Amino acid sequence: MSLKDQLRVMVVDDMSTSRGILTQCLDELGIKNYLVENNGQSAFQKLSKTPVHLVLSDYNMPGMDGLGLLKAVRENQATQRVGFILVTGKPTPEVIEVGKKLGLNNIIRKPFTVATMKQAIEQVVGRL
């Protein structure tokens, strides 16, 4: 059994179109075991019960944003080693700096190509 068969990924985005593009990237990589959430709070609640290897999260979401989710993930003993890719339309220096301090694996600017996202996912998965 390959790593891709065992890999579990969570996609978190409040926009259905973006969630669809992210899951398309996973499908094209042969990653079929993924969970989808539309906000940071429900994603963290699910992460507390269902372990994953990688989170693909939008930054700008109502309630808990992507950095809030990353912070919660890193502070939780059960999830602190999870890979994390943040997707944002406006990666400000502050977001980049805070993300790095929290152990963000990658930040991808919207709009992104499927090839760019697939490459970022493969890089993080290769480190697991």
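Here, every reference points to the structure presented above.
Reading guide: rules and limits
- Residues numbered from 1 in each chain as written.
- Predicted model: local features only at pLDDT ≥ 70, side-chain atom pairs only at ≥ 80, totals over all residues.
- Heavy atoms only, no water.
- Buried < 20%, exposed > 50% of the residue type's maximum accessible area, 1.4 Å probe, protein only.
- Helix = DSSP H or I, 4+ residues; strand = E, 2+ residues; numbered from the N terminus.
- Pairing = 2+ DSSP bridges.
- Right-handed = clockwise from strand over helix to strand, strands pointing away.

## Considerations on the pairing of strand 3 (residues 54-58)
Here comes step 1: Of all the five residues making up strand 3, five are buried; the element is thus mostly covered by neighbouring parts of the structure.
Here comes step 2: Neither face of strand 3 is left uncovered, since the one carrying Leu54, Leu56 and Asp58 and the one carrying Val55 and Ser57 both have all their residues buried.
Here comes step 3: Here four bridges tie strand 1 (residues 9-12) to strand 3, and the two strands are oriented parallel to one another. What sits directly across from Val11, in strand 3, is Leu56.
Here comes step 4: Two strands pair when backbone bridges link them, and strand 3 and strand 4 (residues 83-88) are joined in this way by five bridges, in the parallel orientation. Paired with Val55 across the bridge in strand 4 is Phe84.
Here comes step 5: On the question of chirality, the crossover connecting strand 3 to the parallel strand 4 by way of helix 4 (residues 66-75) is right-handed.

Everything listed here is a matter of geometry and, on its own, says nothing about what the molecule does.
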